Structure formats: C-alpha cells, structure tokens
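Observations on chain architecture
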Amino acid sequence: MPRIAYFGPSGTFTEMALAKLESSAVFDGPVERVAAPSQGAALDLVRSGDVDGAVVPIESSVEGSISATLDSLAIGPRLQIVAETELEVTFTILARPGTELADVRTLAAYPVAAAQVRMWVARHMAEAEIYTSASNAAAAEDVAAGRADAAVSTALAGERLGLIALATGVADHEQAITRFVLVTRPRVAPPSTGVDRTSIVLELANEPGSLMRAFAEFATRGIDLTRIESRPTRTGMGTYRFYLDCVGHIDDTAVAEALKALHRTARIRFLGSWPATSMTGTPPPSDEAAAEWLTQLRKGVADR
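Naming follows an unreviewed UniProt entry, where the protein chain appears as Prephenate dehydratase of Nocardia xishanensis. Note on the protein chain: under the UniProt heading Catalytic activity (unreviewed entry), the record states "prephenate + H(+) = 3-phenylpyruvate + CO2 + H2O". According to its UniProt record, the protein chain has this under Pathway (unreviewed entry): "Amino-acid biosynthesis; L-phenylalanine biosynthesis; phenylpyruvate from prephenate: step 1/1."

And the structure:
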C-alpha cells in the first residue's frame, strides 16, 4: 500500500483532493494517508523516501499560485508532478456547540482561506478578529482547543472534531477553484494524452534579453504558455526564478526542443508533464509531416 503525504492535519481540502485522486484511480489501490504540517514538510517526506508521494495545493483561481509549494519544488533534490485534480472551494464557519455567529470575536483562518472570505467576513462578522492558523483543519482544531471562537474551515474538519456549522458555502467569489498536484520522486512522465501540462522552473543569467530569449524558445515553436510567474531566490535583491507552465508534453517534439534549447543557456528544472484536469490554450503543433519530409531527404528521395 503506497504511503501518500498531504498538507494536513486531517480535514483539509488537500486531504479531500487526495481522496478525489484515489477515487479517480490515480493509484493502483488504497493508500495510507500521512498528514504533514506544511507543503514543504509533505514534499520533504517524499525526498527522504518516507512516503511514495505527496498531494499539495499549487494554484487558486482566486489568490493565484501557492508560493509555499512553488518554493519547495524549486529547491532541494528534484521532485516531479505526475497528476493533478481540482476542487471547488467553499468554506464552512465552524464553532463549538452553543456559539452563535454574533458571539464570535476571534476567527481562526489559514491565510489563503482568509483572503477568499474577506468580504463575507466583513459583512457578517465585522467584529471578529482574524487569528492565523497553520491550515484549514488546524483552524478547526484551534476552535476545539478554545484558542478561537470560530474557524474558517471545512465541513470534514467540523465532523471530525464535533463542531457545529454557523455558515456553509462561504466564499467571496463563485466557482473558486484550487488545483492540487501529486508529487513523486523523478520517474517517467505519464503518457501523453493530448491534453497535458508541462511545468518548469528557470534561473536565467542577469543580463539584458535573457527572459525574452527564453520566451522566444516557446513562441517560435508555437507552444502556448499558460502561466508565467517569478519568485525571489532569496539569495539577494533582484534575483528571481521563473515558473512556467505550457500546454503540451515532454514527448511532444516542440516541447522537447524548447526544453533542450533552454538547457543550453539557462538553469532549468523540469517539474513534470502530466494530464491536465482542465486546460485552456492551444496544443503544440505536430511535427509528423516535417519529420517524414526529413526522413525522406535522409533516404535520398527526391523532394517533390
């Protein structure tokens, strides 16, 4: 039975994403779930060999990329993303039995969750002060332990801890979606499906035009970039890593050629190619006709 870590404790959206991956037959059978206190801790368990994989959040449609996950993937021994899933994210306001919404003065929330319910809280809980918790499930645990009056959390966490729901379906934006990824040690990428995502991290020379030249490797090959983001390397002012997602798979000729070209001039970390749950953008062009033409030339066949 594979051991799969997740950003815990039990009751987080990440555990729900792991359950969704299990039900979609990403694994060969049941898994042993291992809670980790942070995204980085979950990924470090993969690096150490204590678990076979880890599920972590990577992007929110409301708040953007999850920086803690990106930073953890960029440093240390390389890991690889092999699958993803998406969850519609709405929150439940949890409290101990006997508590009314008007009674709440301290509201425990994970920072990403707090950002997604800010307007709702301002309208309905204007007197509440935000208490920062380590995760959505940890916010519920803080309420159960008496450290806060209520929590922005999940229904699953409330059921586990015997808390009541003061409000459900809480979100500032409709159809708020978070994408979660399954990360393992490096391995052969899942087969191309035609609807795939490839992700890399680039560290470029600090010289004029280096970023433009990197983008040109994709543009000239007709590869659609779907995410471009920079994060500081934390080694000095003005030094950044660039995180790029594109439509396509490492087995697509155009994508493979772009990666090879980048490797010649930049420090590149391949984060994986895997089937995308939902994808906007254009797949890379096929090179079958051009490859056949080149094969015929090498055989000495006349070019018609």
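1. Brief notes about the packing of helix 2 (residues 39–48) against helix 3 (residues 67–74)
Angle between the axes and distance between the axes: these two values describe a pair of packed helices. For the pair helix 2 and helix 3, the least separation of the axes is 8 Å and the interaxial angle reads 30°. The angle between the axes of helix 2 and helix 3 places the two elements in the roughly parallel class. Crossing handedness for the pair helix 2 and helix 3: right-handed. On helix 3, the residues touching Gln 39, Gly 40, Leu 43 and Arg 47 of helix 2 are Ala 68, Thr 69, Ser 72 and Leu 73.

2. Points about the nonpolar core
For soluble globular proteins, the rule of thumb is that nonpolar side chains tend to be buried together. By size, the foremost hydrophobic cluster in this structure holds 34 residues, and its most contacted members are Val 55, Phe 91, Ile 93, Leu 107, Met 125, Val 152 and Leu 182. The biggest single contributor to this core is helix 1 (residues 13–23), with four residues. Setting aside chain neighbours within four positions, we find Val 152 in contact with Phe 91, Thr 92, Ile 93, Leu 107, Ala 108, Ala 109, Ala 113, Val 117, Asn 136 and Ala 139. Leu 73, Val 201, Leu 271 and Trp 274 belong to the second largest nonpolar core, which has 21 residues in total.

3. Side note on the side chain of Gln 80
By secondary structure assignment, the location of Gln 80 is in strand 5 (residues 80–88). Here the side chain of Gln 80 touches Arg 78 through a polar contact of 3.4 Å, side chain to side chain. Setting aside chain neighbours within four positions, we find Gln 80 in contact with Leu 182, Val 183, Thr 184, Arg 185, Pro 186, Arg 187, Val 188, Ala 189, Phe 270, Leu 271 and Gly 272.

4. Quick notes on the packing of aromatic side chains
All told, the structure shown has two aromatic pairs when counted by the stated rule. Arranged with centres 5.3 Å apart and planes meeting at 90°, the rings of Phe 13 and Phe 91 form a pair that is edge-to-face. Taken together, the residues Phe 13 in helix 1 and Phe 91 in strand 6 (residues 91–95) connect sequence positions 78 residues apart. Since its relative accessible area comes to 6%, Phe 13 is described here as buried. Residue class for Phe 91 comes out buried when judged on its relative accessible area of 2%.

5. Some remarks on helix 1
Turning to helix 1, its buried residues number three or more, namely Phe 13, Thr 14, Glu 15, Ala 17, Leu 18 and Leu 21. Positive phi shows up at Ala 25, right after helix 1, with a value of about 65°.

6. Observations concerning the sheet that holds strand 10 (residues 164–170)
Spatially, five strands are ordered 8-7-9-6-10 in an open sheet, and the strand pairing comes out mixed. Edge positions in the open sheet fall to strand 8 (129–132) and strand 10, since each of these has one partner strand only. The sheet shows a mean angle of 25° between the axes of neighbouring strands, taken without regard to direction. Examined bridge by bridge, strand 6 and strand 10 share four bridges and lie antiparallel to one another. Directly across from Ile 93, in strand 10, lies its bridge partner Ala 167. Its contacts with the sheet put helix 6 (residues 136–144) on strand 6, strand 7 (106–109), strand 8 and strand 9 (150–153), and the angle it makes with strand 9 is roughly 165°.

Rules behind the numbers
- All residue numbers refer to positions counted from 1 along the written sequence of the respective chain.
- In keeping with the predicted nature of the model, local features appear solely for residues at pLDDT of at least 70, side-chain atom pairs appear and are counted solely at 80 or more, and the whole-chain, interface and lining totals rest on all residues.
- The basis for every side-chain value is the complete set of non-hydrogen atoms in the structure, without hydrogens or water.
- UniProt positions are given in the numbering used here, feature names are shortened, and annotations may be inferred rather than shown by experiment.
- Note on definitions: angles span 0 to 180 degrees between N-to-C directions of axes, and those axes are lines fitted to C-alpha atoms, for helices only across the stretch in contact.
- Only DSSP runs of H or I reaching four residues or more are called helices, and only runs of E reaching two or more are called strands; each is numbered from the N terminus.
- Oblique is the label for every angle not falling under 35 degrees (roughly parallel), over 145 degrees (roughly antiparallel), or within 65 to 115 degrees (roughly perpendicular).
- With the far helix as reference, a near helix turned anticlockwise by less than a right angle produces a left-handed crossing, and one turned clockwise produces a right-handed crossing.
- Contact criterion: two residues are considered in contact whenever any of their non-hydrogen atoms come within 4.5 Å of each other.
- Residues enter a nonpolar core if they are buried and are Ala, Val, Leu, Ile, Met, Phe, Trp, Tyr or Cys, with the set joined through side-chain atoms within 4.5 Å.
- Classification of residues uses two cut-offs on accessible area relative to the type maximum, computed with a 1.4 Å probe and protein chains only: under 20% is buried, over 50% is exposed, and between them is partly exposed.
- Residues adjacent in sequence count toward polar contacts only when both atoms are side-chain atoms; beyond that, a polar contact is any pair of N or O atoms within 3.5 Å, and within protein one must be able to donate a hydrogen and the other to accept it.
- Put simply, two rings from Phe, Tyr or Trp (the six-membered ring, in Trp's case) pair if the centres are within 6.5 Å, and we call them stacked under 30 degrees between planes, edge-to-face over 60, tilted for the rest.
- Only strands that DSSP links by at least two bridges are regarded as paired with each other.

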